[in-house]
Amino acid sequence: MYHVILISMEITEVEQRILKALMTKDKMLVRELVEKSRASTSVLNPSLKHLEELGLVKEEREEDFPRRRFIMLTDKGRKVGELLYEIEKTISQSSLSNS
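Rules and cut-offs
Residues numbered from 1 in each chain as written. Predicted model: local features only at pLDDT ≥ 70, side-chain atom pairs only at ≥ 80, totals over all residues. Heavy atoms only, no water. Helix = DSSP H or I, 4+ residues; strand = E, 2+ residues; numbered from the N terminus. Expected span 1.5 Å × (residues − 1). Buried < 20%, exposed > 50% of the residue type's maximum accessible area, 1.4 Å probe, protein only. Arc of directions from axis to C-beta. Contact = heavy atoms within 4.5 Å. Phe/Tyr/Trp six-rings, centres within 6.5 Å; stacked < 30°, edge-to-face > 60°. Lys NZ or Arg CZ within 6 Å of the ring centre and 35° of its normal. Pairing = 2+ DSSP bridges. Axes fitted to C-alpha atoms, helices over the stretch in contact; angles between N-to-C directions. Salt bridge = Lys/Arg side-chain N within 4 Å of Asp/Glu carboxyl O.

Enquirer: Help me out: how do you make sense of helix H4 (residues 41-53) in this one?
Expert: Along an α-helix, a turn takes 3.6 residues, which lines up residues three or four apart on a common side. Across its 13 residues, H4 extends 18 Å between first and last C-alpha, which sits within 8% of the 18 Å expected from 1.5 Å per residue. Residues of H4 that are buried include every one of Leu-44, Ser-47, Leu-48, His-50 and Leu-51, and no others. Down the axis of H4, the buried side of the element spans an arc of 165°, and every buried residue falls inside it. Exposed positions of H4 whose direction lies more than 90 degrees from the buried face are Ser-42, Lys-49 and Glu-53. A positive phi of about 80° marks Gly-55, the residue just after H4.

What follows is the structure, encoded as structure tokens:
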């Protein structure tokens, strides 16, 4: 089921790392996301655009410094992030019980 959901939404590994990083904080600067998701800016920006098109993240710009972009999860994005964590937990438990 996990792969079916991600394939149908076309969520890449980098996009999964972005969603998981955003689960740790209400909103993050793009530079924070670069660090947390271990993705370069050139990879991160198209990934953010794709996640925004899917309705999983939204962007907010700071009024005083419009170049500062904050990224945050939408409700839908939070649900997908929670699902990613649940799947990882299940896979980890399955790996441990099979050892």
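Enquirer: How do you make sense of the environment of Glu-62 when you look at a structure like this?
Expert: Residue placement: Glu-62 occurs in the loop between strand S2 (57-61) and strand S3 (69-73). Overall, Glu-62 belongs to the partly exposed group, its relative accessible area being 22%. Sequence-distant contacts of Glu-62, defined by excluding residues within four places in its chain, comprise Arg-68 and Phe-70.

Enquirer: Explanation requested: the packing of aromatic side chains in the structure shown.
Expert: Centre-to-centre distance and the angle between the planes together describe a pair of aromatic rings. Overall, the coordinates contain zero aromatic pairs when judged by the stated rule. A cation over an aromatic ring shows up here: Lys-27 above the ring of Phe-70, its NZ or CZ 4.7 Å from the ring centre.

Enquirer: Explanation requested: the pairing of S3 in the structure shown.
Expert: Regular strands show a simple pattern: their side chains alternate between the two faces of the sheet. Within S3, five of the five residues are buried, leaving the element largely enclosed by the surrounding structure. Of the two faces of S3, both are covered, the one formed by Arg-69, Ile-71 and Leu-73 as well as the one formed by Phe-70 and Met-72. Across three bridges, strand S1 (residues 27-29) lies against S3 in antiparallel orientation. Pairing of Lys-27 across the sheet is with Met-72, part of S3. As judged from the five bridges shared by S2 and S3, these two strands associate in the antiparallel manner. Within the sheet, the bridge partner assigned to Glu-59 lies in S3 and is Ile-71.

Enquirer: I tried to follow the sheet that holds S1 on my own but got confused; where do I start?
Expert: Backbone hydrogen bonds are what pair the strands of a sheet, in a parallel or an antiparallel way. Read from one edge to the other, the open sheet built from three strands follows the order S1-S3-S2, with strand pairing classed as antiparallel. Edge positions in the sheet fall to S1 and S2, since each of these pairs with one other strand and no more. The mean inter-strand angle of the sheet, taken between neighbouring strand axes irrespective of direction, is 30°. Sitting on the sheet, helix H2 (residues 13-22) is in contact with S1, S2 and S3, with an inclination near 90° to S3. Its contacts with the sheet put helix H3 (residues 30-37) on S1 and S3, and the angle it makes with S1 is roughly 95°.

Enquirer: Explanation requested: the pattern of salt bridges in the structure shown.
Expert: Opposite charge on two side chains permits pairing when their charged atoms draw close. One pass over the full model with this rule turns up seven salt bridges. Residues Arg-68 and Glu-62 are paired through a salt bridge, measuring 3.5 Å at the closest nitrogen-oxygen approach. Exposure remark for Arg-68: the relative accessible area of 32% places this residue in the partly exposed category. Within this structure, Glu-59, Arg-61 and Arg-69 form a network of salt bridges that share partners.

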